[in-house]
Amino acid sequence: MATIDTEKVKVMNPADSKIPEGPIAEKWTNYKAHQKLVNPANKRRLTVIVVGTGLAGASAASTLAEMGFNVLNFCIQDSPRRAHSIAAQGGINAAKNYQNDGDSVYRLFYDTVKGGDYRAREANVYRLAEVSNNIIDQCVAQGVPFAREYGGLLANRSFGGAQVSRTFYAKGQTGQQLLLGAYSSLNRQINLGKVKSFNRYEMHDVVMVDGRARGIIAKNLVTGKFERFSAHAVVIATGGYGNAYFLSTNAMGCNCSAAMACYRKGAYFANPSYVQIHPTCIPVHGDQQSKLTLMSESLRNDGRIWVPKDIEDAKKLQRGEIKGSDIPEERRDYYLERRYPAFGNLVPRDVASRAAKERCDKGFGVNNTGLAVFLDFSEAINRLGIDVVRQRYGNLFDMYEEITDVNPGEKGNEINGTVYYNPMMIFPAIHYTMGGIWVDYELQTSLKGLFAIGECNFSDHGANRLGASALMQGLADGYFVLPYTIQNYLSDQITVPCPGTDTPEFDEAEKKCVEAQNALLKIQGKRSVDSIHKELGHIMWEYVGMGRTKEGLTIALDKLKALRKEFETNLYVPGSAEGMNNELDKAFRLKDFITMGELVAYDALNRNESCGGHFREEYQTEEGEAKRDDENYFYVACWDYQGSDEKAPELIKEPLHYEAIKVQTRNYKS
Amino acid sequence: MANMTVNLKVWRQAGPKEKGEFRTYTVETDTDTSFLETLDILNEQLVNNHEEPIAFDHDCREGICGMCSLYINGHPHGPATGATTCQLYMRRFKDGETITVEPWRSAAFPVIKDLMVNRNAFDQIQQAGGYVSFNCGGAQDANCLPISKVNADMAMDSATCIGCGACVAACKNGSAMLFVSAKVSQFALLPQGQVERKRRARAMVKKMDELGFGNCTNTGACEAECPKCIKISNIARLNREFIKAKCSD
Ligand SMILES: Cc1cc2nc3c(=O)[nH]c(=O)nc-3n(C[C@H](O)[C@H](O)[C@H](O)COP(=O)(O)OP(=O)(O)OC[C@H]3O[C@@H](n4cnc5c(N)ncnc54)[C@H](O)[C@@H]3O)c2cc1C
Ligand code: FES
C-alpha cells in the first residue's frame, strides 16, 4: 500500500506565504503601497503568458494588456468566450450592502472563512471581500446587463451560507454575462495588438530556465504540432479538476493537465481533497451519461428540499407507484429546515449534500435508484403565483423539463385544498474543486515566475466554497490582484530580454511532450479513453466522494495504481500524431486525471478530520455533523512531487494563523 | 425510458481541403439519452472497431457555451426550438429513424474536420468593436448609473447570444446580421455603450462584410432557428444604428 512517510513531513516557513504586515483590514492597502511597480516604458518590454480564458484568465489577460504588458493568451476551445466560466448560472457575491441588510466587507470575509470551515488563509479572503465591490463596478462599466429593480438600481438574491442578500445576477446566466464582459475587454486588447490569442491550443508543459518559469509548450489541436512560447512570466488560469470524477457539472473539456504539468515541475499542489459536491443537480439516469447538469443554487431561495417522512411512501416512490405531488404536507420531511432552522434550505453546499446522502442512505430516496431527493416549489407557487416563479426560474424549469421530461411548474395534485406541483428531483454531484496549485499572497506558486489564478489555485475557499464566490474569486484574481502582484515579480526582470525558444530547455521540454505522445500511440491496447475514464470516475465517487474512510481510501489508492497500469498497457488511441486527434488529446488528459485522483486520495487519507467538502466518516459528531481537528490539522496540506507519478508525494504543511476570526465549530442551526 | 435504434447519416471529411462524404452508422440508444451522448456511443463503437471517431465540437453540454454546432435533419441544432444540439434528447426522434448530421455550411465557417468548423470570423467581428472602451480600475460605484429595468432586460435578451453560428448556418445568404445585431443592440440599449455607438456599428458591419458573410434579405430563418430566441428586431435596430452612423460620416 502507498503510504505517506510522516517522518519526512516538512513545515513551511511562515514568510513563504508572503502575508503582509498589519491588521487584517490594512494588509492589502499596505501591500499596494509598498510593492514594486513597473513603469509604462518597461511594461512594453515585458511579455506574460496567460493560459486560460475563463473569468480568471480573460480578466487577467485584458487587464495586463491595458496596463501595457504584452500578453499571449491560450485556450483549448475555438474561442475565448467558450471557457467553462460561461456556464455559471447563479450569481456573483459582493459586499455592496445595497439591500441595507447589514452586509459589509467584514461580514463577507467572515462568511467566506466560516463557509470554508476555517481552512482558508485569512489574509487572502479579506482581500477578496475587499475587492468584491470593485468587481461589480468594473462589470457594470463594461456593460454587463445585471438584473435590476424597477427603480433602475441593481437587484440581489440570496445564496447559501449567508443571511444577507449580496448576490448579483443576470438571469440564470451570470457566468455568461461576466465572461462576455471580460471577453469584450480582451477583444479590445486583441484589436489593439496587445494580446495575441491562441485558440484550440493546449498547454502541455511549463518551461523552466534557471529556476524561473519562462515559457510553455502548447499543442496546436488543429495541426497536432507542439509549439514553443516564451515570456517573462507564466500565469495558469486553467480551472478545476472536477472531471477526475468523470461525471461532474463541469464542461467536457475541463481538465487538470496544465496544473499537473506545473506540479510535476515542482509547484506544490494544495488541499486536493477539498472537492465540492453540489446538492442540487439532476440525478444520474444511466451508463451513457456524459455529464451532470446543475440546477442553480438560486432555486433554494424558493424551493424546499424534502423526502417522505414515512419509509413506505419512499418505497412507493422508488417503485414508481406514486408521485411526489401525491404526498401531502404532513407526510413530508423538510429535513434541512428541521435540522438547521436558522439557515434552512440555504445551508452551505457541503452541509446540504451530506444531509441528502444521509436521507438516501437511510432508504428515503425518491427515485428508482433511491439516489434523489425532492426540490419543491409548491409553497412558492401558491404564495407568489406561477408567473412570478417562472420569471425567476423559468429557464431552469425549461432546462429541467428538456432533460427529464417533467415540468416542475405543472400542477400535480390537490389534497385537502392545497395544490401540489411536480417537484424536481435532485442529487449531489461533483461541482467545484477548492484545492489547487499552492500560491502565496501574491498568487505566485512555489516556482518563481509561475502564477496561478481562479479555480486552479487553492487560495480563498478553504475546505468549502460558498455559492457565487467562484466568479468573485476568478475576477478578483484577474482584474484586481494579479495585475498588481505580478509587478512585484516583474520589476527586476525589466533588463532581462524575453528568452528565445531555441534553447536546450525548450528542446528538452518539447522532446518530452513528443515522447509522451508517441508512448500513448504505441500502447495499441483494447480500451478506449472513455471506458478507462469512467472506471476512474467510479473509483473516485465510491471511495473518494461524499463519505470517505481510511479503509476506502486505501482501497482507492490500490485501485488507482492498478488503473494506471491498465491505462499504460491496455489503452487504445486511434489515428496518428499528425493533424487533429481528439482521442489522443483526451488520453493525455486522462493520464493526468489518474495522477490527480491519487493526489486527492493521498490528501484525504492524511487528513484525519472532517471539514467542509472533505468528510471522513470516522470523524463526525453523534448528530452526523463534521468534526474538525484544529489541534492537528489547522494547516494547508501542500504536496510536493517526487519525480515520478508512481511515487507518493511528500507533504509540506503551511500552518494557518488566524488573527481576526476566532475559530469555532460551524453552526447553521441557530 | 425506451430503447431505440437510429441510423446516423454523418458527414465525414478528413480535413479542410479533403473531399467529404456521408456515411451511415447504426446506433443503439434510448429516449433519455442526449443526442451528443448518442454520438459518444457511436464514437466508442468506432474506436472499438479501430476506426476514426467523428470529430464534433461540444463542451458545456448545457446550452450555454455555443460550442456544439450540428446541422440535424436540415435544421441547425436539430428539431427542437430554443435549444442547442447538446440540449436535444433522443425522445425527439423516432425508433428506426435515419438522422442526417452535417456541419454548419457557410463560406465564412470552413470545415476543419468532419462536423467541426472554424468560427474564428465571429471573434474577429467582436474584436472590431464589440466592447466598451474602458480600462479596469477607476469605475464609479455601480449604482451611480441607474438603468431602466426595461432597457436592462432588453439588453440582457440581446446579450444572451451564445455565438454558435446557427443564424449563419440557417441563412440562405450566410449572413451574420443576427449575431452582429445582438451585440450592437446590447450596447445601444445601455448608457455605457453610447459614446462609441456609431463607431461600433460601423466597425462591426465593415468587418462582417470583409469576412465573406452574405447580406440580409429579411427571410427570418435566423430568428426561427436561433437556440436562444434572439429576435430579428435586433437586426432592425442594427440597420438604424448603421444608417445613423453613416449619415453622420
Ligand atoms: C454549472 C456550473 C455553474 C456554476 N455557477 C456558479 C455561480 O453561479 N457562481 C459562482 O461563483 N461560481 C459558479 N460556478 C463555478 C465557476 O463557474 C468556476 O469556478 C469558474 O468559472 C472558474 O473560472 P476559471 O477562470 O478559473 O476557469 P475556467 O472558466 O474553467 O477556464 C479555464 C480556461 O483554461 C483553458 N484551459 C484549460 N486547460 C488548458 C490547457 N491545458 N491549455 C490551454 N488552455 C487550457 C480553458 O480553455 C479555459 O479557457 C459554476 C460552475 C459550474 C460547473
Ligand atoms: S455544448 Fe455548450 S452549447 Fe452545446
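Residues numbered from 1 in each chain as written. Chains lettered and ligands numbered in written order. Predicted model: local features only at pLDDT ≥ 70, side-chain atom pairs only at ≥ 80, totals over all residues. Heavy atoms only, no water.

## Brief notes about the overall build of chain A
The number of helices and strands found in chain A is 18 helices and 22 strands. The C-alpha radius of gyration of chain A comes to 24 Å, within 12% of the 26 Å expected for a compact globule of 670 residues. Each principal axis of the C-alpha atoms in chain A carries an extent, and together these give about 80 × 60 × 50 Å. Here chain A holds 670 residues, and 67% of them are scored as buried. For chain A, restricting intrachain contacts to residue pairs at least 6 apart in sequence, the fraction spanning at least 24 positions comes to 75%. For chain A, the exposed surface amounts to about 22,300 Å²; the carbon and sulfur share of it is 48%. (Helix = DSSP H or I, 4+ residues; strand = E, 2+ residues; numbered from the N terminus. Rg over C-alpha atoms; globule rule 2.2 N^0.38 Å. Buried < 20%, exposed > 50% of the residue type's maximum accessible area, 1.4 Å probe, protein only. Contact = heavy atoms within 4.5 Å. Areas by Shrake-Rupley, 256 points an atom, 1.4 Å probe, with all protein chains shown as cover.)

## Considering the overall build of chain B
Regarding its fold elements, chain B presents eight helices and seven strands. Its C-alpha atoms give chain B principal-axis dimensions of roughly 60 × 40 × 35 Å. Burial analysis of chain B (249 residues in total) assigns 61% to the buried set. Carbon together with sulfur atoms contributes 50% to the accessible area of chain B, which is approximately 9,700 Å² in total. Taking the average place of the 28 positive charges on the side chains of chain B and the average place of its 28 negative ones, the gap between the two points comes to 10 Å. (Lys, Arg positive; Asp, Glu negative; His and termini not counted. Charge placed at Lys NZ, Arg CZ, Asp CG, Glu CD.)

## Considerations on unusual backbone geometry
Residues and elements named next belong to chain A. One non-glycine residue, Lys-171, lies in positive phi territory at about 45 degrees. Structurally, the position occupied by Lys-171 is in the loop between β5 (167-168) and α6 (174-191). Non-glycine residue Asp-210 carries a positive phi angle of around 45 degrees. Inspection of the secondary structure puts Asp-210 in the loop between β7 (201-209) and β8 (212-220). Asp-210 sits in the exposed class, given a relative accessible area of 75%.

## Some points on the nonpolar core
A:Phe74, A:Ile92, A:Phe146, A:Ile236 and B:Phe213 are the most contacted members of the largest nonpolar core, which totals 199 residues. Looking at this core element by element, the count peaks at 13 residues for helix α17 (residues 582-606) of chain A. Residues A:Ala352, A:Phe374, A:Phe377 and A:Val389 belong to the second largest nonpolar core, which totals 44 residues. (Core = buried A, V, L, I, M, F, W, Y, C linked by side-chain atoms within 4.5 Å.)

## Focus: the interface of chain B and chain A
When the parts of a complex come together, some accessible area is lost, and that lost area is often taken as the interface size. In this assembly, 69 residues from chain B lie in contact with 76 residues from chain A. Here chain B meets chain A over a buried area of about 6,000 Å², counting both sides, of which 51% is carbon and sulfur. It is B:Glu62, B:Cys136 and B:Met156 that lose the most area in chain B upon contact with chain A, and together they represent 11% of the buried surface on that side. Summed over the shared surface of chain B and chain A, the number is seven salt bridges. A salt bridge links A:Lys96 to B:Asp141; its shortest N-O distance comes to 2.9 Å. Run the count over chain B and chain A and you get 41 residue pairs in polar contact (both at pLDDT 80 or more). By residue class, the composition of the side of chain B that touches chain A is 32 nonpolar, 19 polar and 18 charged. (Buried area = accessible area lost by both parts, 1.4 Å probe. Salt bridge = Lys/Arg side-chain N within 4 Å of Asp/Glu carboxyl O. Polar contact = N/O pair within 3.5 Å; in protein donor to acceptor, adjacent residues only side chain to side chain. Nonpolar A, V, L, I, M, F, W, Y, C, P; charged D, E, K, R; others polar.)

## A look at the sheet that holds strand β14 (residues 332-333) of chain A
Residues and elements named next belong to chain A. If you trace the five strands from one edge of the open sheet to the other, you get β12-β18-β15-β13-β14, paired in antiparallel fashion. Two strands bound the open sheet, and with one partner strand each, they are β12 (275-281) and β14. Bridge count between strand β15 (residues 373-376) and strand β18 (residues 424-433): three bridges; the pairing is antiparallel. Residue pairing across strands places Val-373 opposite Ile-426, the latter belonging to β18. (Pairing = 2+ DSSP bridges.)

## Quick notes on the packing of helix α3 (residues 55-67) of chain A against helix α13 (residues 470-490) of chain A
Residues and elements named next belong to chain A. Look at α3 against α13: their axes get within 8 Å of each other, and the N-to-C directions meet at 35 degrees. In this structure, α3 meets α13 at a crossing whose hand is right-handed. Contacts between α3 and α13 involve Leu-55, Ala-56, Ser-59, Ala-60, Ser-62, Thr-63, Leu-64 and Met-67 on the former and, on the latter, Leu-471, Gly-474, Leu-475, Gly-478, Tyr-479, Leu-482, Pro-483, Ile-486 and Gln-487. Its residues placed into classes, the contact of α3 with α13 shows 11 nonpolar, six polar and no charged. (Axes fitted to C-alpha atoms, helices over the stretch in contact; angles between N-to-C directions. Left-handed = near helix turned anticlockwise from the far one by under 90°.)

## Description of the site of ligand 1
Lining the immediate surroundings of ligand 1 are 39 residues, of which A:Gln77, A:Ser85, A:Met203, A:Glu455 and A:Leu471 lie closest. In this structure, ligand 1 sits where chains A and B come together, each supplying nearby residues. A distance of 2.5 Å separates an oxygen atom of ligand 1 from a polar side-chain atom of A:Ser85. Expressed as a share of its isolated accessible area of 1,000 Å², the protein-covered part of ligand 1 is 98%. Mapped onto the shell around ligand 1, the elements with two or more residues apiece are α3, β7, β18 and α13 of chain A. Tallying contributions element by element places β7(A) first for the shell around ligand 1, with three residues. Among the residues making up the shell around ligand 1, the classes are represented as 18 nonpolar, 17 polar and four charged. (Near = heavy atom within 4 Å.)

## Brief notes about the pairing of β7(A)
Each regular strand displays side chains that alternate between the two surfaces of the sheet. All names here are of chain A. Counting buried residues in β7 gives nine out of nine residues, a clear majority hidden from the surface. When β7 meets β8, the two strands line up antiparallel, connected through eight bridges. From the neighbouring strand, Met-203 faces β8, where its bridge partner is Ala-218. A loop of two residues connects β7 with β8, the two strands running antiparallel in sequence, and Asp-210 in this loop sits at a positive phi of about 45 degrees.

## A word on the domain arrangement of chain A
Residue and element names in this part refer to chain A. Splitting chain A by domain gives domain 1 (279-429) and domain 2 (504-655). Look at where the C-alpha atoms of domain 1 and domain 2 centre, and you get two points 33 Å apart. In this assembly, 11 residues from domain 1 lie in contact with 12 residues from domain 2. Taken together, both faces of the contact between domain 1 and domain 2 bury some 780 Å²; the carbon and sulfur share is 54%. Across the pair Glu-625 and Arg-339 runs a salt bridge whose closest N-O atoms are separated by 3.1 Å. Viewed at the interface, domain 2 and domain 1 are joined by five residue pairs in polar contact (both at pLDDT 80 or more). Of all elements in the fold, only α10 (349-361) and β18 reach the threshold of two or more residues within the side of domain 1 that touches domain 2. With four residues, α10 is the single largest residue contributor to the side of domain 1 that touches domain 2. (Domains from an automatic or database assignment.)

## Side note on the packing of aromatic side chains
The way to describe two aromatic rings as a pair is by their centre distance and the angle between their planes. All names here are of chain A. One pass over the full model with this rule turns up 35 aromatic pairs over all chains. Grouped by ring-pair contacts, the aromatic residues Trp-28, Tyr-31, Tyr-441 and Tyr-484 constitute a single cluster. When the ring centre of Tyr-169 is taken as origin, the NZ or CZ atom of Arg-157, which lies over that ring, is 3.7 Å away. (Phe/Tyr/Trp six-rings, centres within 6.5 Å; stacked < 30°, edge-to-face > 60°. Lys NZ or Arg CZ within 6 Å of the ring centre and 35° of its normal.)

## Notes on the sheet that holds strand β1 (residues 3-12) of chain B
Residues and elements named next belong to chain B. Read across the sheet, five strands follow the order β2-β1-β5-β3-β4 without closing on themselves; strand pairing throughout is mixed. Both edges of this open sheet fall to β2 (21-30) and β4 (75-76), since each of them pairs with a single strand only. On the sheet, helix α1 (residues 35-48) packs against β1, β2, β3 (71-72) and β5 (98-102) and is oriented at approximately 105 degrees with respect to β2.

## As for the environment of A:Arg527
Residues and elements named next belong to chain A. Within the element layout of this structure, Arg-527 appears in the loop between α14 (504-523) and α15 (529-543). Put simply, Arg-527 and Cys-281 are 246 residues apart on the chain and 30 Å apart in space, counted from C-alpha to C-alpha. With near-sequence residues (within four places) excluded, Arg-527 lies in contact with Ile-532, Glu-535, Glu-566, Asn-570, Leu-571 and Tyr-572.

## Here's the deal with the pattern of salt bridges
Considering all chains together, one arrives at 72 salt bridges over all chains under this definition. Residues A:Asp405 and B:Arg91 are paired through a salt bridge, measuring 3.7 Å at the closest nitrogen-oxygen approach. Of the two residues, A:Asp405 is situated in the loop between α12 (386-404) and β16 (411-415) and B:Arg91 in the loop between β4 and β5; the pairing between them involves two chains. For A:Asp405, a relative accessible area of 52% gives the class exposed. Relative accessible area serves as the criterion here: at 24%, B:Arg91 is assigned to the partly exposed category.

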